[in-house]
Every structure is written in C-alpha cells, then in structure tokens.
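Residue-level structure breakdown
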Amino acid sequence: MENHMLSIIVSIFIGVLSRAYMMKIDHRQYPSYPQGFLSHITLGLIAASLGAVAIPALSAKEFGAVTFLSLAAQQFRDVRNMERQSLDNIEPTELVPRGTAYIEDIAKAFEARNYMVMLTSLLTSLSMNVARFLRANKEIQVIIGFVIGFLVMSILKRFLTRQLIEEIAEVRPAKISFDGPLLMVNDVIIMNIGLKASRKIYEERGIAVEIIPKNPSASSTLSNIGQRQAIQHQAATQLGIRKDIDEPDFTPLARRNPHNGNLVMALIAMEPNVELLVNVVNKTPVLETCKRKPRGKYLKE
Amino acid sequence: MDLGIKENIIALVSLNRNITSASVPIFFVDNEEKQEETALLIAKITMGMVHDLRNGVYAIVKH
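Keep in mind it's a predicted model, so treat the numbers as computed, not measured. Along each chain, residues carry numbers from 1 onward, in the same order as the chain's sequence is written. Whichever chain is written first becomes A and whichever ligand is written first becomes 1, with later ones labelled in order. In keeping with the predicted nature of the model, local features appear solely for residues at pLDDT of at least 70, side-chain atom pairs appear and are counted solely at 80 or more, and the whole-chain, interface and lining totals rest on all residues.

**As for the overall build of chain B**
Secondary structure elements follow DSSP: runs of H or I of four or more residues count as helices, runs of E of two or more count as strands, with numbering from the N terminus. For chain B, the helix and strand inventory stands at one helix and four strands. Each helix and strand of chain B, placed in order from N terminus to C terminus, yields the pattern β-β-α-β-β. The C-alpha radius of gyration computed for chain B amounts to 12 Å, which stays within 12% of the reference 11 Å derived for 63 residues, consistent with globular compactness. Its C-alpha atoms give chain B principal-axis dimensions of roughly 40 × 25 × 15 Å. Exposure criterion: with C-beta atoms placed from backbone coordinates, a residue whose C-beta has 20 or more other C-beta atoms within 10 Å is buried, one with 12 or fewer is exposed, and one in between is partly exposed. Looking at chain B as a whole, 24% of its 63 residues are labelled buried. Once C-beta atoms have been placed from the backbone, residue pairs whose C-beta atoms lie within 7 Å are recorded as contacts. Partitioning the intrachain contacts of chain B with sequence separation of at least 6 by distance along the chain shows that 40% fall at a separation of at least 24. Throughout, radius of gyration means the C-alpha value; the globule benchmark is 2.2 Å times the number of residues raised to the power 0.38.

**Remarks on the overall build of chain A**
When its secondary structure is counted, chain A shows eleven helices and seven strands. Against the compact-globule benchmark of 19 Å for 301 residues, chain A has a radius of gyration of 24 Å, which places it well outside the compact range. A principal-axis box enclosing the C-alpha atoms of chain A has dimensions of 80 × 45 × 30 Å. Of all 301 residues assigned to chain A, the portion counted as buried reaches 39%. For chain A, the proportion of contacts with a sequence separation of at least 24, taken over those separated by at least 6, is 77%.

**Considerations on the nonpolar core**
Residues and elements named next belong to chain A. V209, A235, M265, L267, L277 and V281 are the most contacted members of the largest nonpolar core, which has 76 residues in total. For the domain bounds, the source is a domain assignment made automatically or taken from a database. Residue assignment places this core across two domains, with domain 1 (2–161) and domain 2 (166–300) each supplying three or more. In contact with M265, other than residues within four places in its own chain, are A208, V209, I231, Q232, A235, P252, L253 and A254. Only buried Ala, Val, Leu, Ile, Met, Phe, Trp, Tyr and Cys residues enter a nonpolar core, and they are joined through C-beta atoms within 7 Å.

**Brief notes about the packing of helix α2 (residues 35–59) of chain A against helix α3 (residues 67–90) of chain A**
All names here are of chain A. Here, axes are lines fitted to C-alpha atoms. For helices the fit covers the stretch in contact, and angles between N-to-C directions go from 0 to 180 degrees. Running from amino to carboxyl end, α2 crosses α3 at an angle of 160 degrees, the nearest separation of the two axes being 11 Å. Of the possible angle classes, the one that applies to α2 and α3 is roughly antiparallel. Considering the relative orientation of α2 and α3, their crossing is left-handed. Where α2 approaches α3, its residues L43, A47, L50 and A54 are matched on the opposing element by F68, L69, A72 and V79. For classification purposes, an angle smaller than 35 degrees is called roughly parallel, one larger than 145 roughly antiparallel, one from 65 to 115 roughly perpendicular, and anything else oblique. By the definition used in this description, the sense in which the near helix is turned from the far one sets the handedness, with an anticlockwise turn below a right angle giving left-handed and a clockwise turn giving right-handed.

**With respect to the domain arrangement of chain A**
As a measure of interface size, the accessible area lost when the parts come together is often cited. All names here are of chain A. When its domains are assigned, chain A resolves into domain 1 (2–161) and domain 2 (166–300). The C-alpha-based centres of domain 1 and domain 2 are spaced at 36 Å. Each side of the interface is counted separately: domain 1 has twelve residues, and domain 2 has 16 residues. Basically, the charged four are Asp, Glu, Lys and Arg, the nonpolar ten are Ala, Val, Leu, Ile, Met, Phe, Trp, Tyr, Cys and Pro, and anything else, Gly included, counts as polar. Across the side of domain 1 that touches domain 2, the residue classes tally to five nonpolar, three polar and four charged.

**Regarding the packing of helix α9 (residues 225–239) of chain A against helix α10 (residues 274–282) of chain A**
Residue and element names in this part refer to chain A. For the pair α9 and α10, the least separation of the axes is 9 Å and the interaxial angle reads 135 degrees. Here α9 lies oblique to α10, going by the angle between them. Read as a crossing pair, α9 and α10 show a hand that is right-handed. Where α9 abuts α10, its residues I231, Q234, A235, Q238 and L239 lie against L276, L277, V280 and V281. Per-class residue counts for the contact of α9 with α10 are seven nonpolar, two polar and no charged.

**Some thoughts on the sheet that holds strand β4 (residues 57–62) of chain B**
Residues and elements named next belong to chain B. By definition, two strands form a pair when at least two bridges between them are found by DSSP. An order of β2-β1-β4-β3 is seen for the four strands of this open sheet, with the pairing classed as mixed. With one partner strand each, in any of the chains shown, β2 (26–28) and β3 (49–52) form the two edges of the open sheet. Pairs of neighbouring strands in the sheet enclose a mean axial angle of 25 degrees, with direction left out of account. Pairing between strand β1 (residues 8–14) and β4: six bridges, direction antiparallel. Counterpart to N8 in the pairing with β4 is K62. Contacts between helix α1 (residues 32–46) and the sheet are confined to β1, β2, β3 and β4, with β4 contributing the most and set at about 10 degrees to the helix.

**Concerning the environment of E7(B)**
Residue and element names in this part refer to chain B. Tracing the sequence through the fold places E7 in the segment before β1. On the basis of neighbour count, E7 is assigned to the exposed category, with 7 C-beta atoms found within 10 Å. As for E7 and I45, which are separated by 38 residues in sequence, their C-alpha atoms are 16 Å apart.

**Observations regarding α10(A)**
Residue and element names in this part refer to chain A. Regarding α10, the residues found buried are L277, V278, V280 and V281. What you see down the axis of α10 is that its buried residues fit within an arc of 165 degrees, all on one side. Where the residues of α10 are buried, they touch α6 (165–168), β1 (169–174), β5 (206–213), α9 and β7 (263–268). Read the arc as the range of directions from the helix axis to the C-beta atoms.

**Comments concerning the UniProt feature "transmembrane region" (unreviewed entry) in chain A**
All names here are of chain A. UniProt positions are given in the numbering used here, feature names are shortened, and annotations may be inferred rather than shown by experiment. As recorded in UniProt, the sites labelled "transmembrane region" (unreviewed entry) are residues 38–58 and 140–156. With 100% helix and 0% strand, the stretch residues 38–58 has end C-alpha atoms that lie 31 Å from each other. Between the C-alpha atoms that bound residues 140–156 the distance is 24 Å, and the span itself is 100% helix and 0% strand.

Written out as structure tokens, the structure reads:
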C-alpha cells in the first residue's frame, strides 16, 4: 500500500479540485454559502477518496473493496434526494416559486457533479498507476496525474455545462399595453387585472420581454411549464420583485403566443431596467428535463 | 403542504343589482370608486386577485 500513497493523495487532491471547479457561487445564489458550500466540498472529498482507492485496492487483490463503489452510488443518490427535499421545503417561502422541474434539474446536477469527481480521481489514479507500472519515476507520475486529471476535468465540465436560453432563443424588449382590463405584451393576452391602481403601476413601471425561439425544438422546449417557471423565478429573484404575498396582480407570468410559439413575460421589478431583464432571461439555464426535439411533419414546417 | 381553496371565485363586486348567484357572495356597490375600494379590500383579506368582467362586475378569484 505504501507505493500507492502518492497516487491516492494526488487523485484525492485533483478530485476535490474538480468539485471546487464545478462549484459556482454565482447570481443564482445556489448552493448557498457557507453551509451548503462546505457540505458539498466534503461530499466531494468522499467521492474523490472513493475514486482514488479503487485502483490500488484492485492491484492489492482486495476485490471486496470495489463493492464500496456501489455503496458510493447509493450515497450520491441520497445527495440528489437531499437537495430535492431541501429545495422543496423552501419552495412555499418563495414569492415566485422555482417550480418542480427546476428543482429536479438542480438536484440532478449535484448528483452528476459527485460522479464527475469520482471519475476524475479514478482516471487520475489509473493514469498514475499505469505510469508506475511502466517504471516512471515519482515526479513523472505526479505530472502525468495532474495532466490527465485536468484534462478529464475540463472535458467533463464542458460535457455537463447546461445550455442557456440565449443559445436556443432570441430575447427582445417588448411593449406592455392594456385592452380594458386585459394585460397584453406585444398583443398576447397575459391576464385580467381588475384594479385600476395595479394597471397604472404596470403602465408606469412594467417591463416586458419577448422570447423568440430559433427553431421548432426550441419552441417546444420553451412551451414547457417548468421551463417557463424557471424563467419567471430567475427574473423575479435577479431584478427584485415588487410584490407581496397579498398582491397576485404582480406575479410574473410567461405566456405563449399559440400562433408562433413565442413567449412573452411582463414584470414589475424593483429595478425597472429592461436591459437587465433581457440579460437575466438570456442567462437562464435550459432545463435538461424540459428539452424537446419533436420529429416529423412539425419539424419540417 | 398548502391546503386551501384555489382557482375559485370567492366574491363578486357588482354595480348591477340584477346579478344573482346561489354560491358566491355578491357585494352591491353604487359607483365605480366604491367598487374598486370594496374589491381591493376583499382581495387583500382573502389574498385573491381582482378581475374585471367588463359588465360592471368585478370577480375576486383565489389563484
């Protein structure tokens, strides 16, 4: 086992590094800092150690040790459950809910990232052990480990990066108007607002966007209610929503134009800056579970 | 878990006295200002939303 110590340490290090690399504490404020951050780094450490000891265990003819990998898979399914539950629990406290599709997507991403860590450290340890087998000296082993580790890390990162709305659709500022009590954005009816005071606020401070899908697949992806809910949630949390629980009039709703599949959304934000809204919608992730690729006649039209 | 009545008309606020209903309470008012005010007050109490039915009737709906 002495001979394997080097490869184990380097693989664990690379594995934790890859988890940190995938940990984005960005505008979405998820995972939360500092507690969520710490628990995910720690889980990453566990995943990395599992990946790192697999090859040494095999070469020491400890085949039983490999069954621990299946234990690990179970463990990371629990990560997914943990994320889902915690997001589900805070869902009723959100003024504009994330929606179940978005929650599922986040939970899945966290599970996948742990597998990524395990794969990275597994391949790092494999490459180092192969180098050792070919009688390379220790410095060369470490260098090979780092090179392979970073390579796997960047390939998996590219593989796991989600599409953004801007890749499948064009987002443009839109015009809010009223037909009697009906709130309309670019002539698509959004909802019926009875109170004149609320209508006045929409006219004065409302901002709106139109999301124009680039192709039929994008159009049916955007039609998904979970995807729309994610857009609404992003817009409301990033721009700050001017709404309280007793004011359903100001709930942002993304509605679909049934004739061409465009989405429109109006929002009363704390900061009525339409450029910012366009930017936020552009940067919303396309949810994996909402992606659609229709075939046949519909696609040809 | 959030249990409660949803997607339901809670009350009507009407300028038109000929409106009748067997299940929904109707609040009769005399002018448009009063109608706005009553509708707003009921909406705030019930966390509902006010919709204009364009026939002199406001419906308060819980979404």
